[in-house]
Amino acid sequence: MPANTMNEDLKRERQRCSFDPKELTYLLDGGEEKTEERRQREKFFLDDPELSETAPSDYLSHKEKYEHAVKKACIVFKKVQQLQAQGKAGMQNFREVLGGQLGSAILRDGNPLGLHYVMFIPTIMGQGTIEQQAEWISKAWNLEIIGTYAQTELGHGTFIRGLETTATYDPATEEFVLNSPTLTSYKWWPGGLGHTANYAVVVAQLYSQGICHGIHPFIVQLRDEETHLPMPGFENVRIPWNYMLMKNGKVLKDGSYVKSPSSKLTYGTMIFVRVVIVQDAANYLRKAVTIATRYSAVRHQSHIKESAPEPQILDFVTQQHKLFPQLATYFALHYSGAWLWDMYNNVTSELESGELDRLPELHALACCLKAVSAADAAQGIETCRLACGGHGYMSCSSLPITYGLVTAMVTYEGENTVLLLQTARYLMKAWQNCLDGQPLTPSVQYLNSVRRSFGGVYHKSVPWIIASMQRIAAGKIETAHRHMNDKIKRGVNSEDAWNETSIELVAASEAHCKAFIVETYYNSVQQIVPSVSQQLGKALTELCELYAVNTLLKNIGDLLRYSNVTTGDLENLQRWLEELLAAIRPNAVGIVDGFDINDAIIASPLGAYDGNVYERLFAEVSKSPLNAKPVNESFHKYLKPLLKSKM
Ligand SMILES: CCCCCCCCCCCCCC(=O)SCCNC(=O)CCNC(=O)[C@H](O)C(C)(C)COP(=O)(O)OP(=O)(O)OC[C@H]1O[C@@H](n2cnc3c(N)ncnc32)[C@H](O)[C@@H]1OP(=O)(O)O
Ligand SMILES: Cc1cc2nc3c(=O)[nH]c(=O)nc-3n(C[C@H](O)[C@H](O)[C@H](O)COP(=O)(O)OP(=O)(O)OC[C@H]3O[C@@H](n4cnc5c(N)ncnc54)[C@H](O)[C@@H]3O)c2cc1C
């Protein structure tokens, strides 16, 4: 590959960008100093020869992939410890390096220690008493033990009240006896459970004094700490009394049960991970859209005008319509995720002081934001892949693996439909409160004002779009509420009525979430614009407008159904969309440069900073062991005899 050459198209793109991408980088990182720290941290890991790929992991066996992953995870851990010793890393960095964008670049096929940091330690922190935290956290933090989170069973993932594993308290020995007696009660799916972890938080039905008290978390040793041999299977496994995490519900030594202030506090780790997923989904989307945007600036194909040379494919408006909404979606999810993270931290500290009032609203928002961000990021990444034509299909483009990672988010930590129905449950109550004149929580306040007016004359502004989306959400919530109640009035019992209305309930929940995202994104941009250069402010505003217009246009049917919009208004919206695509076009490469994703994290010949797409693609395929010899043995073994026999 020619050294130090920069693709000419990308050079031109960088010259025409209206703002300085560095300003965007500093904004996203939280300041120049933070950017420098992040870059240093990335360099510290990515420049380590032991962590760089010798060959793409595609060519390794399943077993080899696992062994490489463990080796790298251990190197990464030691390096994080070094940073920690220098006061340069905390829990947040552990998550970033072991689970986030940087981590997934180093450990492309997953991190065997991921669940240890993302769920095992947070569960002990959130569910353990002070004494239990003191006992377990430092051991876990220093990797004296390796944990995972074992909740899902072969028979149940969603309906956790239906888990079959039991933990029965035996006051005679002051122990719990854990049992997974059936095939369907096997713990199934927990990351690291197979070969890596030697401890787990096991979620089981608690029995004491003959009464079932529902699911609770227990620390269970899975493997010997020295030999790593598995402990005897899950039949009558005994663990000491203080291995039940007892910050919330407790069993006293005599077997009496002390209820938690809310049974849902046991579900705290799930809320935490859902909140983290929103940011994580956004980051994967920004990686995919960086790849597809740079590639589209370098790739020339076909004609716009017969008389002109083949254009960059980024000049096709349909290509812009595929990619620029993904750029905007990144920002929308980034700001909504940041908002949710703040709310999570505030509500968590309220819970610490016994205030539970805002837990239902946090749960409702975390559920729908996790669902919508996972689904939209997955769909956006797939759009980016398709936008790269055949080259996007290649594994080395990194787009298929990125899609694979993000589509898993749709299922794990609460399957999306199930989570949207949880939010719908909250919305149905909110609508009832609205009808009854009861106070509403902040995220559903809009129901009151929308109920009073279904009107609103079109004007070209994001606030008009926000009001329209709130109108759609309120309309859908009202329709689902009315349909469900009609069924109940006709004698259908409320559970069946819920199931029969669930298509509309899910749609209402999605509409509520989209309205929330547009509003949060808009408010964030409004706050930022005065503090950045005029050029960056303009670019950020255009992206926000694009997100709003595009989201509304994707819901034309709903808009026509729930507002008094005219066909003329719709034409105006379409024109606005096209104007925005044209306005964003010169800045597209600058925006993805502003994301400042290291080439080693991009890990794609299509998306490197220098734009040497074809040279890098060639270099990539030459790594395949299949290309090492001109004739593969299978020719002599199988093809040649077959060809001979035909003669
Ligand atoms: C940087 C690092 C990046 C790392 C990225 C991440 C990688 C991570 C890798 C991770 C890998 C993947 C790891 C994994 O996958 S770990 C396994 C994750 N598993 C799940 O998420 C299971 C999903 N299921 C559930 O959460 C529950 O069973 C649901 C919610 C479905 C029903 O439950 P249940 O049947 O018990 O409840 P109900 O429907 O009768 O409702 C009863 C009431 O409870 C309220 N309620 C319900 N839930 C909550 C809650 N949480 N907080 C507060 N309240 C809650 C609810 O609003 C209702 O309130 P009300 O209406 O009565 O007032
Ligand atoms: C990559 C990955 C990693 C995972 N890691 C872990 C882990 O570390 N620890 C752990 O404990 N678990 C883990 N899981 C399990 C995960 O949490 C569950 O798969 C998830 O919660 C969904 O549950 P399920 O598989 O039982 O799906 P199901 O609930 O069986 O879903 C199947 C279908 O049924 C529908 N459905 C189910 N219930 C309802 C309902 N009430 N209303 C309407 N529709 C419904 C769903 O919408 C879906 O379409 C992981 C899963 C994956 C894919």
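Calculation notes
- Residues numbered from 1 in each chain as written.
- Chains lettered and ligands numbered in written order.
- Predicted model: local features only at pLDDT ≥ 70, side-chain atom pairs only at ≥ 80, totals over all residues.
- Buried ≥ 20, exposed ≤ 12 C-beta atoms within 10 Å, placed from the backbone.
- Helix = DSSP H or I, 4+ residues; strand = E, 2+ residues; numbered from the N terminus.
- Contact = placed C-beta atoms within 7 Å.
- pLDDT = per-residue confidence, 0-100.
- Axes fitted to C-alpha atoms, helices over the stretch in contact; angles between N-to-C directions.
- Parallel < 35°, antiparallel > 145°, perpendicular 65-115°, else oblique.
- Nonpolar A, V, L, I, M, F, W, Y, C, P; charged D, E, K, R; others polar.
- UniProt positions renumbered as here; feature names shortened; annotations may be inferred.

With seven of eight residues buried, helix α22 (residues 588–595) is to be regarded as a mostly interior element. Turning to α22, the residues buried within the fold contact α1 (8–16), α2 (21–29), α9 (268–298), α10 (317–352), α19 (534–553) and α21 (567–584). A positive phi of about 55 degrees marks D596, the residue just after α22.

The predicted structure's coordinates, where accompanied by low pLDDT, should not be read in detail. Averaged over all residues, the pLDDT of the chain is 94; the fraction at 70 or higher stands at 96%. Scored as a complex, the prediction yields pTM 0.97 and ipTM 0.98.

Take unusual backbone geometry next. The residue S302 is not glycine, and still its phi comes out positive at about 65 degrees. Mapping S302 onto the fold places it in the loop between α9 and α10. Residue classification places S302 among the exposed residues on the basis of 8 C-beta atoms within 10 Å. Even without glycine at this site, E413 takes up a positive phi of about 60 degrees.

Quick look at the packing of helix α14 (residues 416–435) against helix α16 (residues 462–489) now. Packing of α14 against α16 brings their axes to within 10 Å, and their N-to-C directions diverge by 90 degrees. Compared by their axis directions, α14 and α16 come out roughly perpendicular. Here α14 contributes L427, M428 and W431 to the contact with α16, which in turn contributes I477, E478 and H481. Of the residues contributing to the contact of α14 with α16, the split by class is four nonpolar, one polar and one charged.

Glancing now at the UniProt feature "domain: Acyl-CoA oxidase C-terminal" (unreviewed entry) in the chain. Feature annotation in UniProt places "domain: Acyl-CoA oxidase C-terminal" (unreviewed entry) on residues 465–644, given in this structure's numbering. What you have in residues 465–644 is 76% helix and 0% strand, and the ends, taken at the C-alpha atoms, are 70 Å apart.

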